[in-house]
Amino acid sequence: MRLVILPVLCCLSVALQAGQVPFAVLPGGAIAFKQVESIRERRFSNLVEQKTDFSCGAAALATILREAYRFDVDETFVINGMLAGADHELVRTQGFSMLDMKRYVENLGMRARGYRVPAAGLEQLKVPAIVLQEVRGYKHFVVLQRTQNGWVYIGDPVFGHKRYAVEDFLKGWNGIVFAVIGREYDKTNALLNPPRPLSAKDRLNAFQPVKDAELMEHGFIQSDFF
């Protein structure tokens, strides 16, 4: 029995890792290789994962800078940048604030705006933004990617891609979104088209690129598109 179990466990360990997995599907038993993605990689696709207890804001901001503006940054790079103008002791005990993120974004030559958005206006938000969630008394920055058909799609630096029914999302949200605005915004960035949950039966509608006029409603200006 052990001889049978061992190969099975080996196959499972391979399947949990991303890469090329062999399949005996060609005539004569020849092996073909197919690129696969692990569940963990799918969960964090296009997201920067949080590595420290206080860095959810840095990871969320790094996600938007990487995916929406093609900045070559990671969590550590953004942490160091924000620490340069922040109260280190306050960060150590409470984490980064939206003000820390705003200062950092402006030092990059971009703009940052906070918007108070009513629940009915969530589906009108056309850019990925950072929001503060409170779950069981713990405040946590995440990326609000998209709201559609009664679902809010979140890029969580700790848990990866998640979605909430709108009414559940509203229970822990303070009503404010933090948007990064600047030149060379990628209107087809992956954050606007989050992966479908593995257990979901429905799919997102076909992705439509965001129009310039829609972006200008969120603080962009004409020169940002040239």
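An unreviewed UniProt entry annotates the protein as Peptidase C39 domain-containing protein originating from Geopseudomonas sagittaria.

Time to look at the sheet that holds strand E3 (residues 111–116). Taken in spatial order, the six strands of this open sheet run E3-E8-E4-E5-E6-E7, and their pairing is antiparallel. The sheet is open, and its two borders are formed by E3 and strand E7 (160–165), each paired with just one other strand. Across the sheet, the axes of successive neighbouring strands diverge by a mean angle of 35 degrees, strand direction being ignored. By the bridge criterion, three bridges tie strand E4 (residues 129–135) to strand E8 (residues 173–181) in an arrangement that is antiparallel. From the neighbouring strand, Val131 faces E8, where its bridge partner is Val177. Each of E4, strand E5 (138–148) and E8 touches helix H3 (residues 56–69); the most contacted strand, E5, lies at about 25 degrees to it. Against the sheet, helix H6 (residues 98–107) touches E3, E4, E5 and E8, its axis set at about 10 degrees to E8.

Turning our attention to the pairing of strand E6 (residues 151–156). Along E6, five of the six residues are buried, which leaves the element largely enclosed by surrounding structure. Bridge count between E5 and E6: five bridges; the pairing is antiparallel. The partner of Val143 across the bridge, within E6, is Gly155. What sits between the antiparallel neighbours E5 and E6 is a turn of two residues, in which Asn149 has the positive phi angle 50 degrees. Here six bridges tie E6 to E7, and the two strands are oriented antiparallel to one another. If you follow Asp156 over to E7, its bridge partner there is Gly160. Between E6 and the antiparallel strand that follows it, E7, lie three residues.

Parameters and conventions
Residues numbered from 1 in each chain as written. Predicted model: local features only at pLDDT ≥ 70, side-chain atom pairs only at ≥ 80, totals over all residues. Heavy atoms only, no water. Pairing = 2+ DSSP bridges. Helix = DSSP H or I, 4+ residues; strand = E, 2+ residues; numbered from the N terminus. Axes fitted to C-alpha atoms, helices over the stretch in contact; angles between N-to-C directions. Contact = heavy atoms within 4.5 Å. Buried < 20%, exposed > 50% of the residue type's maximum accessible area, 1.4 Å probe, protein only.

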